[in-house]
Amino acid sequence: MAKEKVVLAYSGGLDTSVIMKWLQENYDYDVIAVCCNAGQKEDFAAIEKKALESGACKAITLDIREEFITDYIWPTLKADAKYEQYLLGTSMARPLMGKKLVEICQQEGAYYIAHGCTGKGNDQVRFESAIKALDPSIKIIAPWRFWDFQSREELIAYAKEHGVPINQTEAKIYSRDENIWHISHEGGELENPWNEHYDSIHVLSVPIEKAPDEPTYVEIDFENGIPVGINGEKKSPIDLLTELNALGSANGVGTIDIVENRLVGMKSRGVYETPGGTILYAAHAGLEELILDRDTTHYKDIVSHKLAELLYNGLWFTPLREAISAFIDKTQENVTGTVKMKLYKGHAIPVAKKSPYSLYNEEFATFSADEVYNQSDAEGFINLWSLPLKIRAIQMETAKGDVKEHAGLEKKVLKASEFVE
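Criteria and thresholds
Residues numbered from 1 in each chain as written. Predicted model: local features only at pLDDT ≥ 70, side-chain atom pairs only at ≥ 80, totals over all residues. Heavy atoms only, no water. Helix = DSSP H or I, 4+ residues; strand = E, 2+ residues; numbered from the N terminus. Buried < 20%, exposed > 50% of the residue type's maximum accessible area, 1.4 Å probe, protein only. Contact = heavy atoms within 4.5 Å. Areas by Shrake-Rupley, 256 points an atom, 1.4 Å probe, with all protein chains shown as cover. Lys, Arg positive; Asp, Glu negative; His and termini not counted. Charge placed at Lys NZ, Arg CZ, Asp CG, Glu CD. Salt bridge = Lys/Arg side-chain N within 4 Å of Asp/Glu carboxyl O. Pairing = 2+ DSSP bridges. Axes fitted to C-alpha atoms, helices over the stretch in contact; angles between N-to-C directions. Core = buried A, V, L, I, M, F, W, Y, C linked by side-chain atoms within 4.5 Å. Arc of directions from axis to C-beta. 1 Å grid on protein atoms, 1.4 Å probe; cavity = no way out; pocket = protein on both sides within 12 Å on 5 of 7 lines; lining within 4 Å. Points joined across faces, edges and corners; volume = space filled by probe spheres on them. Nonpolar A, V, L, I, M, F, W, Y, C, P; charged D, E, K, R; others polar.

Mind laying out the overall build of the protein chain, listing which residues take part and the relevant values?
When helices and strands are counted, the protein chain shows 14 helices and 14 strands. In terms of its C-alpha atoms, the protein chain occupies a principal-axis envelope of roughly 95 × 50 × 45 Å. Residues classed as buried in the protein chain amount to 46% of the 421 residues present. Long-range contacts, defined as pairs at least 24 residues apart, comprise 71% of the intrachain contacts of the protein chain with a sequence gap of at least 6. For the protein chain, the computed accessible surface area is about 21900 Å², with 52% contributed by carbon and sulfur atoms. Between the mean site of the 45 positive side-chain charges and the mean site of the 65 negative ones, the protein chain shows a separation of 3 Å.

Explain the pattern of salt bridges to me, using residue names and the numbers behind them.
Here the structure, examined in full by the defined rule, presents 25 salt bridges. With a closest N to O distance of 2.5 Å, Lys-300 and Asp-80 form a salt bridge. Of this pair, Lys-300 sits in helix α9 (residues 294-312) while Asp-80 sits in the loop between α3 (65-79) and α4 (89-108), placing them 220 residues apart in sequence. Overall, Lys-300 belongs to the buried group, its relative accessible area being 3%. A salt bridge links Glu-289 to Lys-353, with the shortest nitrogen-to-oxygen separation between them at 2.7 Å. A residue pair is termed long-range when its members are at least 10 positions apart, and Glu-289 in helix α8 (residues 275-291) and Lys-353 in strand β14 (residues 347-354) qualify at 64 residues.

Run through the sheet that holds strand β11 (residues 255-261), naming residues and quoting values.
Pairing is antiparallel in the open sheet, where four strands are placed in the order β6-β7-β12-β11. Two strands lie at the open edges of the sheet, namely β6 (175-178) and β11, each paired on one side alone. Going across the sheet, the axis of each strand differs from the next one's by a mean of 25°, ignoring polarity. Two strands pair when backbone bridges link them, and strand β7 (residues 183-186) and strand β12 (residues 267-273) are joined in this way by three bridges, in the antiparallel orientation. The residue bridging Ser-184 from the neighbouring strand is Tyr-272, located in β12.

Could you give me a rundown of the nonpolar core, with the residues and numbers involved?
Val-7, Phe-68, Ile-73, Leu-88, Trp-181, Leu-280 and Met-341 are the most contacted members of the largest nonpolar core, which totals 70 residues. Broken down by element, the residue count for this core peaks at eight residues, all from α4. Those residues in contact with Val-7 that lie beyond four places of it in its chain are Ile-32, Val-34, Leu-101, Ile-104, Cys-105, Ala-110, Tyr-112, Ile-113 and Ala-114. Among the nonpolar cores identified, the runner-up in size contains 29 residues, and Val-6, Ala-51, Ile-156 and Val-164 belong to it.

Outline unusual backbone geometry, supporting the account with residue identities and numerical values.
Negative phi is the rule for most residues except glycine; trans is the rule for most peptide bonds. The phi dihedral of Glu-84 is positive, around 50°, even though this residue is not glycine. One can find Glu-84 in the loop between α3 and α4. Its relative accessible area of 33% is what places Glu-84 among the partly exposed residues. One non-glycine residue, Leu-88, adopts positive backbone phi at about 65°.

Tell me about helix α6 (residues 152-161), residues and numbers included.
When α6 is considered as a whole, its buried residues turn out to be Leu-155, Ile-156, Tyr-158 and Ala-159. Buried residues along α6 cover an arc of 165° about the axis, so they all sit on one side. Exposed residues on α6 whose side chains face more than 90 degrees from its buried face are Lys-160 and Glu-161. Residues of α6 that are buried make contact with α1 (14-26).

With reference to specific residues and values, describe the layout of surface pockets.
In this structure, the second largest pocket spans a volume of roughly 280 Å³. As for the second largest pocket, its lining consists of 14 residues, and the residues nearest its centre are Asp-80, Ala-285, Glu-288, Lys-300 and Asp-301. Listing elements by their share of the lining of the second largest pocket, those giving two or more residues are α8 and α9. Class assignment of the residues belonging to the lining of the second largest pocket gives a composition of five nonpolar, three polar and six charged.

Structure (structure tokens):
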């Protein structure tokens, strides 16, 4: 009989390299290694070769970069969604990767998906929620939740003992996740929040002390909330984000060092580098200031926070996320224009912006005379706006027996009907 198949989410890193060998020792399955190219700087041919040499029956690399940007990053950017400063780089990628793993399972006739997420992290929830939403018949193998290893140091020792090639050492033991949007760093000296992270941790961006002493300016064009060009030149999604990553990296933009609240209930510390994404978030927010009305802006803030929570918690494939995205799309119909960004020593500042749909009008906003706004009208507006406050104050005075004259009003317990009359 043919062996059952398991699809392994494979990166060629420490965890999945060990899992490949461990699956062979503990399960009599054919292992299909699937690596998703989300923009991480890797030699994918070498990863496939390593997987096959490590015992995989098949090695598949999927280029998901453009789908990642257009179907996950842009919708999140349009919402200005962020989770506790974090721009959701890993959170956005995991549901798409889960979707691709399900597709490979269905194509290959596999009934199992294995992944290297730890039992303490968020990624296990993100992967498995996506898988269960898309094909609940698939079973999950998550070795970190039940094997005997308790630390990455033990994984390194196992890899050395079994001849598994790895890059990690006990001196440099960061757990990293990289894609075209960001790179995250966890572990090592970061586990003690009293330790300042080393400059050597940086992969995408220079430390701010090493950024140029002169600012860099860049203009970003948006259509319906989506970035489409740089300095007046149309760009594909991959080229646009790649170029902004380079500009942000050179100017030390987008590095944060935070302690966040994980979904599973504990706090964790991470360093995130998101150079191009940080520029885009600042530019998009700056453009929205011109275009969205007050009520839409304020309500969108609430919705954006909820979307960030859904993403962080692995709930991309849900009716609520789809409904929120539909609302966000409506708010972006007129978010078209250009923003000039100033990049300087870690800062990304929108310094100029224009849009054919701008609600800002110099004639209306000026302190000089205009034909639209009669300043004397403000008195009646203020009287009506502050009426509930005035009523409350009079009622409080009456309750205390503090008798005063209030514009001819008799001193008694006032009823709302009397004000209506």
